[in-house]
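Topology and contacts: notes
As a plain string of letters, each chain reads:
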Amino acid sequence: MWKNGLINSIKDPNLQIISSEIAVVIKDKYPKAKYHFLVLPREDISSIFNLTREHLPILDELRLLATNAIEISGEKEKHFNIGFHAIPSMTRLHLHVISRDFNSPCLKTKKHWNSFNTKLFLDYDDLYKELKLKGTIQRIDLTLAKELENTPLNCNQCNFVAKTVPNLKEHLLKHIE
DNA sequence: GTTCTAGAAC
DNA sequence: GTTCTAGAAC
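Residues numbered from 1 in each chain as written. Chains lettered and ligands numbered in written order. Predicted model: local features only at pLDDT ≥ 70, side-chain atom pairs only at ≥ 80, totals over all residues. Heavy atoms only, no water.

Going by what an unreviewed UniProt entry lists, chain A is known as HIT domain-containing protein and is assigned to Megaselia scalaris. Chain A has a UniProt comment under Subcellular location (unreviewed entry) that states "Nucleus". (UniProt positions renumbered as here; feature names shortened; annotations may be inferred.)

Shown next, in the form of structure tokens:
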């Protein structure tokens, strides 16, 4: 089943960037930017909705490995989005670590873009705070989710609004030196 | 999550 | 006529 793809990827040493006793960093199979890593716990936590306060130390570890992976890439951490999808498709909790260029042939749809550039993307710090405060992560409202998926294609680096996905991708190239 | 592709949009 | 999006996949 495709939903289990990530769990198989963890086991493949060829895909691993770095790992610890607690978690593993792999390259996303379909990277949506120049750098796109996933940080997954070894513990079988299926998604953000299964998290409790007991897992806060694991989140700390995921965040630490995210920083390590970025260091290996040679880029600056401020050029990355670090967080979780509010509506994950694949099982096994995974922290996205993605460079803000979004320059990749695998970025193809409006939903792809909006999943990283609207409230469909939960910043690590915000999720961490919610978990600490409430002890659980609230599921996003389905109607709101649909609205967010259909948000106009706003550039993440200026106030340009693209008409189509190819139009956005062409525009994003201007922000790359 | 992706692939495929019908038909909408241009 | 070509580009682009969006829904089914048994």
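Residues in close proximity to DNA strand C include Thr164, Val165 and Pro166, which together make up its full environment. Protein-adjacent atoms of DNA strand C, using a 4 Å cutoff, are sugar or phosphate at a proportion of 100%. At 2.9 Å, a backbone N or O of valine 165 approaches a phosphate oxygen of DNA strand C. (Near = heavy atom within 4 Å. Polar contact = N/O pair within 3.5 Å; in protein donor to acceptor, adjacent residues only side chain to side chain.)

All told, the structure shown has three salt bridges when counted by the stated rule. Glutamate 77 is the partner of arginine 63 in a salt bridge, and the nearest nitrogen-oxygen pair spans 2.6 Å. Here glutamate 77 lies in the loop between helix 2 (56-73) and strand 4 (80-85) and arginine 63 lies in helix 2, a separation of 14 residues in the sequence. Judged by relative accessible area, glutamate 77 falls into the partly exposed class, the value being 28%. Across the pair glutamate 149 and lysine 146 runs a salt bridge, and its minimum N-O distance is 3.7 Å. You can see glutamate 149 and its partner lysine 146 sitting in helix 5 (residues 142-149), three residues apart, about one turn around the helix. (Salt bridge = Lys/Arg side-chain N within 4 Å of Asp/Glu carboxyl O. Helix = DSSP H or I, 4+ residues; strand = E, 2+ residues; numbered from the N terminus. Buried < 20%, exposed > 50% of the residue type's maximum accessible area, 1.4 Å probe, protein only.)

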